[in-house]
Structures are given as C-alpha cells and as structure tokens.
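# Examining the three-dimensional arrangement
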Amino acid sequence: QVQLVESGGGLVQAGGSLRLSCAASGRTFSGYAMGWFRQAPGKEREFVAAISWRGGSTYYSDSVKGRFTISRDNAKNTVYLQMNSLKPEDTAVYYCAAVSIPVPTRSRLTNNDEYDYWGQGTQVTVSS
C-alpha cells in the first residue's frame, strides 16, 4: 500500500503561482511513477503531468505545458507540481497518483485507469 497526501492548494489570482506537494508513505516510493490529475466541477478527471520513478522522463498535457513543472525528491518521498502563470481554467481539485509499471510509457502514464493509488486531493482556485 502507498498512502498519498497532497498539500499546497489554495486561492490565487490569475497569473500567480502555487506549488503542490504530494507526500508518500508506505511501500518504496522510488519504485513508482507519479502523476498529477485534476477535476473541475462537472468535468471528468484529466491528466496534468507525470514523472517516471527516476525522474528522467516527464509528461505534460498540452494545456499546462510550459507553465507547470513536475519534479520529485525520492529521498523525501515527495512529488511536486510547480504551477506558474495560473489561469481561471486551472481551477480544480488536484490529485496525485502512483503506479508501478515496468515500462512507464506516455500512453500509460497519461491514463488515470493505470494508477494504483490516489491522494484525497487539494483544491486550487484561480480568480480572474
């Protein structure tokens, strides 16, 4: 079992920045690829970003590419999502997730059905 706890959400004005953190406990964190997803009211959960377990590969949705950065610190069992130039359409509950995949391809890491463990989510609200 892997337990995930997100933090760092909040209210920010458009153009501002936030950094989300996801702290993991339980099984070996470094063996898991990690992803960030988000869900806005009335919408389906969507992929935001993912990172391989070594951190050598990162993937982003087109809507956040160039504005968000995913990173991880395996020594701290934590994955981060730095969000810059925030827009009102970034408003959502943000979830981190973990998956153990031998070959973490983009197609699998962008698919929320692949993930084994999920956090409880943290609210991000961007005002215009």
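This section reports on the structure supplied with the text.

Analysis parameters
- Residues numbered from 1 in each chain as written.
- Predicted model: local features only at pLDDT ≥ 70, side-chain atom pairs only at ≥ 80, totals over all residues.
- Heavy atoms only, no water.
- Core = buried A, V, L, I, M, F, W, Y, C linked by side-chain atoms within 4.5 Å.
- Buried < 20%, exposed > 50% of the residue type's maximum accessible area, 1.4 Å probe, protein only.
- Helix = DSSP H or I, 4+ residues; strand = E, 2+ residues; numbered from the N terminus.
- Pairing = 2+ DSSP bridges.
- Axes fitted to C-alpha atoms, helices over the stretch in contact; angles between N-to-C directions.
- Contact = heavy atoms within 4.5 Å.
- Salt bridge = Lys/Arg side-chain N within 4 Å of Asp/Glu carboxyl O.

Residues Leu4, Met34, Trp36, Leu81, Met83 and Tyr94 are the most contacted members of the largest nonpolar core, which totals 30 residues. Within the residue set of this core, elements represented by two or more residues are strand E1 (2–7), strand E3 (18–26), strand E4 (33–39), strand E5 (46–51), strand E7 (68–73), strand E8 (78–83), strand E9 (92–99) and strand E11 (122–127). One finds Ala33, Phe47, Val99 and Leu109 within the second-largest nonpolar core, a separate group that totals 10 residues.

On to the sheet that holds E8. As summarised here, the arrangement of the 4 strands in space is E1-E3-E8-E7, forming an open sheet in which the pairing is antiparallel. Each edge of the sheet is formed by a strand with only one pairing partner; in this case those strands are E1 and E7. Adjacent strand axes in the sheet meet at a mean angle of 15° when their direction is disregarded.

In this structure, Ala98 sits in strand E9. With sequence-adjacent residues up to four places away left out, Ala98 is seen in contact with Leu4, Tyr32, Ala33, Met34, Tyr115, Asp116 and Tyr117.

Our focus in this paragraph is the pattern of salt bridges. Enumeration according to the criterion identifies 5 salt bridges in this entry. Residue Asp62 pairs with Lys65 through a salt bridge whose shortest N-O separation is 3.5 Å. For the pair Asp62 and Lys65, one class covers both residues: exposed. Overlapping salt bridges bring together Arg38, Glu46, Arg67 and Asp90 as one network.

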